[in-house]
Amino acid sequence: VCTLKNFPYEVSHTIQWARDLFGGYFHRRPRQANDHVAEMANSEELSTFATSLIEKLGEDAALDMAKELSEDLGSIPFIVGTADTCDPEYVQAVKASSLKWAISQAHQLFFLSMNELIDKHPVDSLDDEGAPFWSGTRRAPKPLRFIPLDSEEDEVSAQQVIINERLSQFVRSAARLRMEMFISPDNGELSLIEPEEALKALEDDAIEKYKKRKSKEILHNLSGGGEQDAVSLILDELNGAKTGASFMPHFNLADFEKDDESNGHVAFVTAASNLRALCYSIPPADAMETRRIAGRIVPAMITTTGLVSALSCLELVKLLKGLPLTSHRNAFVNLALPFFAFTAPLPPEEISGMDGKTHTIWDRVVIKGSSKNPGQEMTLSRFLKKVQQSVKLGDNAEVSSISYGPYMVYANFLHSDDEELLSTSVLDMVKEAITSEDDDDFVESEERKGASQPEDSGVAVAKLGQKKYIDLSVTVEDLETGEEFELPPVRLMKGGIGR
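Enquirer: Help me understand a negative patch on the surface in this model?
Expert: The grouping of Asp417, Asp418, Glu419 and Glu420 at the surface amounts to a negative patch. Its place among the elements puts Asp417 in the loop between α15 (412-415) and α16 (419-422).

What follows is the structure, given as structure tokens:
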């Protein structure tokens, strides 16, 4: 995966990357839009839809999906023309929108992402072993962008002319397939884009970028780079998609067909592959070679992924049967060599505790609320007693501190005689700790001072309310020696912290 995503060194790698790009752009994304268009159109509160995405996919994947929906269901071209997809005004709007989309994708794929990779791993950087990072099969990429031949800002070399030509081919083929999401491929002539149209769109975009470059830098500096929480970012994207969704469009899906020269599928894969090859100084392939290699690509699902899934299932069966650790195996596999090696896993490191007891990173102390009244919130006093009973602490030991992430919730030297605090629910104490970072009673512990800054308190409290449990870090003190020991993570179940 890393080879295809960041470190290709053969044209077969760039062809497979381009083939996957085709599937993502013209099959997965239109199907995704079709699956969610009705839900978005009928949703009165997009925040509910955004929250459901986060719960299903996680924040990063949900934001990526929202951005795709915003691109695919933006109000243009739906608000232009009539319901007839052959209407000239509608076709022209789709063409303009598709050309703009294709240019933005080219800029992201072959300029911005290449710059990001070089920023992360500069050309003269070293790896963990002190060797040059960009060595062996790793090739440092070169960012590509379109520069008009009459540009006064940049010198246009012979190499740049080649770059311009390949970018034009990519934009032309990508915009055509994008148009066919909106307009039936049966009306093939309507979606055809002339080379001059792609070139003109690229030139106009380059001029627009040049005009806005300085003003964008100024606006960015003035903005201060304020951050938004994930739900707000997702809502910003979904708001742009709701207008288009209200028209209830149905997108056409494209299944890759290598043997039909008229459908533009191989043309897109060839253009995308050769641009990526140019980024990494890999010799390009013509359409015939691309068709040959693309036709022989075996989906990963039936090779490496299938093997890894099978090996994982075998280990799961051993776990369910309760077999000893010596029966389990780590697997190291490279199907290309081929190479297969299996080793016995090591037991987890044991961490010392009170009275010679030990625990590992896999252990948990689970505290549950009252079974008679599961909705009742557990107070700090009751929680301390439950911990004392669960880990069987004697009279010579007591809980010295309780933390939630980077937040100190309880310290015995501060709060042991505070009756009001002891009668407060643990959940309320955690919320108070999160929202009152500057309170002297809720200071960060010494080992947390070098940690990264916690997330926005409002977001943290919202996430807390969605959890079925909270994990707390608890330390206990030996009253005779003054020595402190950390317990395994203490998990307070939802029944014990209120609904």
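Enquirer: Looking at this structure, I do not really get helix α14 (residues 380-390). What am I missing?
Expert: Along an α-helix, a turn takes 3.6 residues, which lines up residues three or four apart on a common side. Taken as a whole, α14 has its buried residues at Leu380, Phe383, Leu384 and Val387. Buried residues in α14, looked at end-on, bunch into an arc of 100 degrees, giving them a common side. In α14, the exposed residues that point more than 90 degrees away from the buried face are Lys385 and Gln389. Positioned one or two residues after α14, Lys392 has a phi angle of 55 degrees, which is positive.

Enquirer: What is the right way to look at a nonpolar patch on the surface in this model?
Expert: Taken together, the side chains of Val333, Leu335, Phe340 and Phe342 make up a nonpolar region of the molecular surface, amounting to roughly 360 Å² of accessible area. Mapping Phe342 onto the fold places it in strand β2 (residues 339-343).

Enquirer: I would appreciate a short explanation of the packing of aromatic side chains in the present structure.
Expert: Aromatic ring pairs: the centre-centre distance and the angle between the two ring planes describe each pair. Taken as a whole and judged by the stated rule, the model has 15 aromatic pairs. With a centroid separation of 5.7 Å and an interplanar angle of 65 degrees, the aromatic rings of Tyr25 and Phe26 are classed as edge-to-face. Note on accessibility: Tyr25 and Phe26 belong to one class, buried. An aromatic cluster is built from Trp17, Phe22, Tyr25, Phe26, Trp101, Phe110, Phe170, Phe256 and Phe268, whose rings are joined through pairwise contacts.

Enquirer: Mind showing me how you'd approach unusual backbone geometry here?
Expert: Negative phi is the rule for most residues except glycine; trans is the rule for most peptide bonds. Located in the positive-phi region is Ser281, a residue other than glycine, with phi close to 55 degrees. When you line up the elements, Ser281 lands in the loop between α11 (265-279) and α12 (287-295). Looking at Ser281, the relative accessible area reads 57%, which means it is exposed. For Lys392, which is not glycine, the phi torsion reads 55 degrees and is therefore positive. In this structure, Lys392 sits in the loop between α14 and β6 (397-404). Accessibility expressed as a relative area gives 67% for Lys392, which makes it exposed.

Enquirer: Whenever I open this one, the nonpolar core confuses me. Can you help?
Expert: The tendency in soluble globular proteins is for nonpolar side chains to be buried side by side. Within the largest apolar cluster, 77 residues are counted, with the highest numbers of intra-cluster contacts made by Phe26, Leu69, Leu73, Phe110, Phe170, Leu238 and Phe268. Counting residues per element, this core draws most heavily on helix α6 (residues 88-120), which supplies 13 residues. Residues Met378, Val399, Val490 and Leu492 belong to the second largest nonpolar core, which totals 34 residues.

Enquirer: Explain helix α10 (residues 230-245) here, please?
Expert: Counted at 1.5 Å a residue, the expected span for α10 with its 16 residues is 22 Å, and the 22 Å between its end C-alpha atoms agrees. Among all positions in α10, only Ala230, Ile234, Leu238, Ala241, Gly244 and Ala245 are buried.

Enquirer: How do you make sense of the environment of Leu278 when you look at a structure like this?
Expert: Along the chain, the position of Leu278 falls in helix α11. The exposure class of Leu278 is buried, given its relative accessible area of 14%. Look past the residues within four positions of Leu278 in its chain and what remains in contact with it is Leu144, Gln159, Ile163 and Arg166.

Enquirer: What is the right way to look at the packing of helix α2 (residues 11-42) against α12 in this model?
Expert: Packed helices, taken two at a time, are described by the angle between their axes plus the distance between the axes. Their axes nearest at 10 Å, the elements α2 and α12 cross at an angle of 75 degrees. Looking at the two axes, α2 sits roughly perpendicular to α12. Residues Val11, Ser12 and Ile15 of α2 form the contact with α12, whose own contacting residues are Thr290, Ile293 and Ala294. Classifying every residue of the contact of α2 with α12 by side-chain character gives four nonpolar, two polar and no charged.

Enquirer: Just checking my understanding: could you explain the pattern of salt bridges for this structure?
Expert: Any two side chains of opposite charge can pair if their charged atoms end up close together. As enumerated under the stated definition, the model contains twelve salt bridges in all. Note that Arg292 and Glu289 form a salt bridge whose closest N and O atoms lie 2.6 Å from each other. With Arg292 and Glu289 both in helix α12, this residue pair falls three residues apart, about one helical turn. Take Arg292: its relative accessible area is 42%, and that puts it in the partly exposed class. Here Glu289 falls in the partly exposed class, since its relative accessible area comes to 28%. In this structure, Glu315 and Lys318 form a salt bridge, with 3.0 Å as the shortest nitrogen-oxygen distance.

The rules behind these values
- All residue numbers here refer to positions counted from 1 along the written sequence of the relevant chain.
- Totals for whole chains, interfaces and linings use every residue, but because this is a predicted model, local features are given only for residues with pLDDT of at least 70 and side-chain atom pairs only at 80 or more, for both listing and counting.
- Side-chain numbers come from the whole structure's heavy atoms, not from hydrogens or water.
- To count toward a patch, a residue needs a relative accessible area over 30% and no salt bridge; like charges are then connected within 9 Å, while nonpolar side chains (Val, Leu, Ile, Met, Phe, Trp, Tyr) are connected within 5 Å.
- Here the open area of atoms and residues is found with the Shrake-Rupley method and a 1.4 Å probe, where only the protein chains shown may cover a residue.
- By convention in these notes, a salt bridge is any Lys or Arg side-chain nitrogen within 4 Å of a carboxyl oxygen on Asp or Glu.
- Asp and Glu are treated as the negative residues and Lys and Arg as the positive ones, with His and the ends of the chain left uncounted.
- A charge is said to be at NZ when it belongs to Lys, at CZ for Arg, at CG for Asp and at CD for Glu.
- Secondary structure counts use DSSP, requiring at least four H or I residues in a row for a helix and at least two E residues in a row for a strand, with both numbered from the N terminus.
- Each residue's exposure class comes from its accessible area (1.4 Å probe, protein chains only) as a fraction of the maximum for that residue type: buried when under 20%, exposed when over 50%, partly exposed otherwise.
- To obtain the arc, one takes the directions from the helix axis to the C-beta atoms.
- Each Phe, Tyr or Trp ring (for Trp, its six-membered ring) is paired with any other whose centre lies within 6.5 Å, and the angle between the two planes then decides the class: stacked below 30 degrees, edge-to-face above 60, tilted in between.
- Residues belong to a common nonpolar core when they are buried Ala, Val, Leu, Ile, Met, Phe, Trp, Tyr or Cys residues joined through side-chain atoms within 4.5 Å.
- Multiply 1.5 Å by the residue count of a helix minus one, and that product is the helix's expected span.
- We call two residues in contact whenever any of their non-hydrogen atoms come within 4.5 Å of each other.
- Interaxial angles span 0 to 180 degrees and are taken between N-to-C directions of axes, which are lines fitted to C-alpha atoms, for helices over the stretch in contact.
- Just so you know how the angles are binned, under 35 degrees is roughly parallel, over 145 roughly antiparallel, 65 to 115 roughly perpendicular, and the rest oblique.
- In this classification, the charged set is Asp, Glu, Lys and Arg, the nonpolar set is Ala, Val, Leu, Ile, Met, Phe, Trp, Tyr, Cys and Pro, and all remaining amino acids, among them Gly, are polar.

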